[in-house]
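Here are the chains, one letter per residue:
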Number of protein chains: 2
Amino acid sequence: MSKLEEKTLHSEEIFTGKVISLHLQDVELPNGKQSKREIIKHPGAVAILAITDDNKIVMVEQYRKALERTIVEIPAGKLEKGEEPALCARRELEEETGYECETLELLTSFYTSPGFADEIVHVFLAKGLTKKENAAALDEDEFVNLEELTLKDAIQYIKEQKIYDAKTAYAVQYLQLQEAIGQK
Amino acid sequence: MSKLEEKTLHSEEIFTGKVISLHLQDVELPNGKQSKREIIKHPGAVAILAITDDNKIVMVEQYRKALERTIVEIPAGKLEKGEEPALCARRELEEETGYECETLELLTSFYTSPGFADEIVHVFLAKGLTKKENAAALDEDEFVNLEELTLKDAIQYIKEQKIYDAKTAYAVQYLQLQEAIGQK
């Protein structure tokens, strides 16, 4: 197995924002030559596959400025500095949907765009949902519409490209797999 | 259903690189207030779930500078300007693995990080693989090790966090689902 590591020769922070920062790096490649890497740093995020007692998937419709359109996603949000992912998942679920959950289980974690970003998403399964009377508020620049979908609806939303992002595609496929295993 | 659109008041291109560009936008929120959005533009990408005749998944181990480590992924690559995703998939599969494929089927497409980036990944299923004698070369700054995994190996790699990215997690789960459906 050949050595693949790329050594950092120089790193410059081009931009620091409230969500991401951009770093331009000069690297030494495994063959000794040099190249440049454009790297986005992100605090990481959680996403919550929340299932109601009548077996609906809790989703939020949200305008995504990067796409200039709304898409329907499982609830998600950025980790605060030093925040435990499970706590963040409970907070985001309540903020975006008004639901508290009894059980929360980490399904998986993955990097979303390893070619240029270090964003990791921790995907949780939440069950035992109860609607809170006085739910925590959304962030002041966040606006969402709540939707509760059957698995069949969600698969249809994928076909119609209303559901169109990696974490939600993964979560819907996870439920399809559970259903298929259960039906064996 | 409330209106969710965010209008662009001002957009500034902060950085343009060879892979991504960074745009800082002032937006008007649905409630009339203003906020800022940090947007990464990316040309889009393809990923290829390639299955050998003896039912192995073709993967590449690659150093990801954003993560400062290697991970094992299904072959993938950026779209060239105006390039048809299916052609890009055939090109990237050959460049990264030396395999040509007989059949290529689009499984799904998804945005990887809709909160800050417009990167879309088109995931293809490739079958009927044959190794080319004189395979097209990798990009000059690209170094990979080829691995061919059973589905069981791939699931183990996910547990060990050797496989750790969204497109590959989706692809492995897709095969689990096919197996579960087939076993019904």
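Throughout this description, residue numbers start from 1 for each chain and increase along the sequence as written. By the order in which they are written, chains take letters starting at A while ligands take numbers starting at 1. Confidence filtering applies because this is a predicted model: local features only for residues at pLDDT of at least 70, side-chain atom pairs given and counted only at 80 or more, and all residues used for totals across whole chains, interfaces and linings. Note: side-chain values were computed over all heavy atoms of the structure, leaving out hydrogens and water.

Under an unreviewed UniProt entry, chain A has the name Methanol dehydrogenase activator and belongs to Neobacillus rhizosphaerae. UniProt positions are given in the numbering used here, feature names are shortened, and annotations may be inferred rather than shown by experiment. Within the UniProt record for chain A, the comment given under Subunit (unreviewed entry) is "Homodimer." Chain A has a UniProt comment under Cofactor (unreviewed entry) that states "Mg(2+)".

Student: Just checking my understanding: could you explain the side chain of E96(A) for this structure?
Tutor: Residues and elements named next belong to chain A. Among the secondary structure elements, E96 is positioned in helix α1 (residues 85-97). Counting of polar contacts relies on pairs of N or O atoms within 3.5 Å, with two restrictions inside protein: one atom must be capable of donating a hydrogen and the other of accepting it, and residues adjacent in sequence are counted only when both atoms are side-chain atoms. Among the polar contacts listed, one links the side chain of E96 to the backbone nitrogen of A76, at a separation of 3.4 Å. We call two residues contacting when some pair of their heavy atoms lies within 4.5 Å. Residues contacting E96, with those up to four places away along its chain left out, are V60, P75, A76, L138, E142, V144 and L146. Put simply, DSSP marks the helices as runs of H or I at least four residues long and the strands as runs of E at least two long, and each gets a number from the N terminus on.

Student: Just to check I follow, could you spell out the nonpolar core for this structure?
Tutor: Grouped burial of nonpolar side chains is what soluble globular proteins tend to show. Among buried residues, those of type Ala, Val, Leu, Ile, Met, Phe, Trp, Tyr and Cys that are joined through side-chain atoms within 4.5 Å constitute a nonpolar core. Any residue under 20% of the maximum accessible area for its type is buried, any over 50% is exposed, and the rest in between are partly exposed; the area is computed with a 1.4 Å probe on protein chains only. Grouped together as the largest cluster of nonpolar side chains are 51 residues, with contacts concentrated most on L49(A), I57(A), M59(A), I163(A), L49(B), M59(B) and I163(B). When residues no more than four places from it in sequence are discounted, the contact partners of L49(B) are I57(B), I74(B), L107(B), F124(B), L125(B), A126(B), A171(B), Y174(B) and L175(B). Counting 15 residues, the second-largest nonpolar core is a separate cluster that includes F15(A), L22(A), F116(A) and L22(B).

Student: Which parts of the structure should I look at to understand the pairing of strand β6 (residues 69-73) of chain A?
Tutor: For a regular strand, the rule is simple: side chains alternate between the two faces of the sheet. Residue and element names in this part refer to chain A. Strands are labelled as partners when DSSP assigns at least two bridges between them. Examined bridge by bridge, strand β5 (residues 57-64) and β6 share 5 bridges and lie antiparallel to one another. The partner of Y63 across the bridge, within β6, is T70. Linking β5 back to β6 in an antiparallel pair, the connection comprises 4 residues, with E68 at a positive phi of about 55 degrees.

Student: What is the right way to read helix α2 (residues 151-159) of chain B from this model?
Tutor: Each α-helix winds once per 3.6 residues, and so residues spaced three or four apart point in a common direction. All names here are of chain B. All buried positions along α2 are accounted for by L151, A154 and Y157. Axial view of α2: buried residues confined to an arc of 115 degrees, hence all on one face. Away from its buried face by more than 90 degrees, α2 exposes K152 and K159. The inward-facing, buried residues of α2 contact β5 (57-64), β6 (69-73), β10 (144-149) and α3 (166-182). The directions from the helix axis to the C-beta atoms form the arc being described.

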